[in-house]
Amino acid sequence: MAGLYYDQFHVGQIFKHAIRRTITESDNVWFSALTHNPAYLHIDEEYCRTQSEFGQRIVNSGFTLGLMVGITVGETTLGTTIANLGWDEVRFPKPLFHGDTIRVETEVLEMRESKSRPTQGIVIFAHRAYNQKNELVAHCKRSGLMMKAPK
């Protein structure tokens, strides 16, 4: 099991995730189609070339969020999480484009033992995604209900 138990985290802990991912046109178009998102910014190259400030399609922010969090799972919550309790303060300070490569870092911000579940605790993670130019392109806080280590 790759994920960590509640007891193995500590506030201030930083994970520099080894997985990096180059985002393709297919990723963006498929995700937009699967989620029924017809925004021209994601699927209409001509519109973006002539009428958007970016001059090209931008990556769907839903995909960016999912990929950023997904990259973190293997080293943090894989097999040790009970539930994802929520995402807060989700921001996208810069757009991603086809061909950009992201890397992700995670920081443990807060921890508290569950009041109603003595074998579990809540961990609040900060996830940050950067492009190949080291520009912050996405960040969020994620709350996870985590198992404590078996005794």
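Preceding this paragraph is the structure being described.
Calculation criteria
- Residues numbered from 1 in each chain as written.
- Predicted model: local features only at pLDDT ≥ 70, side-chain atom pairs only at ≥ 80, totals over all residues.
- Heavy atoms only, no water.
- Core = buried A, V, L, I, M, F, W, Y, C linked by side-chain atoms within 4.5 Å.
- Buried < 20%, exposed > 50% of the residue type's maximum accessible area, 1.4 Å probe, protein only.
- Helix = DSSP H or I, 4+ residues; strand = E, 2+ residues; numbered from the N terminus.
- Contact = heavy atoms within 4.5 Å.
- Polar contact = N/O pair within 3.5 Å; in protein donor to acceptor, adjacent residues only side chain to side chain.
- Pairing = 2+ DSSP bridges.
- Salt bridge = Lys/Arg side-chain N within 4 Å of Asp/Glu carboxyl O.
- Phe/Tyr/Trp six-rings, centres within 6.5 Å; stacked < 30°, edge-to-face > 60°.

What follows deals with the nonpolar core. Counting residues in each nonpolar core, the largest one holds 15 residues, and the members touching the most others are Ile23, Leu67, Met68, Leu96, Ile102, Val104 and Ala129. For this core, the secondary-structure elements that each account for two or more residues are helix H4 (61-76), strand E4 (101-113) and strand E6 (136-147). Considering every element that reaches this core, the biggest residue donor is H4, with six residues. In this structure, Ile102 is in contact with Arg20, Arg21, Ile23, Leu67, Ile71, Leu96, Ala129, Tyr130 and Val137, ignoring residues within four places of it in sequence.

Quick look at the environment of Arg57 now. Within the secondary structure, Arg57 sits in the loop between helix H3 (45-51) and H4. A sequence separation of 38 residues divides Arg57 from Ile19, and the C-alpha atoms of the two residues are 24 Å apart. What Arg57 contacts, discounting residues up to four positions off in sequence, is Glu25, Val29, Tyr40, Leu41, His42, Ile43, Asp44, Glu45, Cys48, Phe97 and His98. Among the polar contacts made by the side chain of Arg57, one reaches the side chain of Glu25 at a distance of 2.8 Å. Only 2.6 Å separates the side chain of Arg57 from the side chain of Glu45, close enough to count as a polar contact.

The subject of this paragraph is the pairing of E4. Inspection of the sheet shows strand E1 (residues 14-16) paired to E4 by three bridges, in the antiparallel sense. Bridge assignment links Lys16 to a residue of E4, and that residue is Glu105. Sheet topology places strand E2 (residues 21-22) next to E4; two bridges connect them, and they run antiparallel. Pairing of Arg21 across the sheet is with Ile102, part of E4. Across ten bridges, E4 lies against strand E5 (residues 120-130) in antiparallel orientation. Among the inter-strand pairings, Glu105 is bridged to a residue of E5, identified as Arg128. Hairpin connection from E4 to E5: six residues lie between these consecutive antiparallel strands.

By secondary structure assignment, the location of Glu105 is in strand E4. A distance of 3.0 Å separates polar atoms of two side chains, one belonging to Glu105 and the other to Arg103. Apart from residues lying up to four places away in sequence, Glu105 is in contact with Phe15, Lys16, His17, Ala126, His127, Arg128 and Tyr130.

For the structure shown, the criterion picks out ten salt bridges. In this structure, Arg21 and Asp27 form a salt bridge, with 2.6 Å as the shortest nitrogen-oxygen distance. Look at Arg21 and you get partly exposed, because its relative accessible area is 29%. Judged by relative accessible area, which is 15%, Asp27 ranks as buried.

What follows covers the packing of aromatic side chains. Tallying each qualifying case throughout the model produces five aromatic pairs. On the basis of an interplanar angle of 70° and a centroid distance of 6.2 Å, the ring pair of Phe9 and Phe15 is categorised as edge-to-face. Residue classification places Phe15 among the buried residues on the basis of a relative accessible area of 10%. Ring centres of Tyr40 and Tyr47 lie 5.1 Å apart, and the angle between their planes is 55°; this geometry places the pair in the tilted category. Linked through ring pairs, Phe9, Phe15 and Phe125 together constitute an aromatic cluster.

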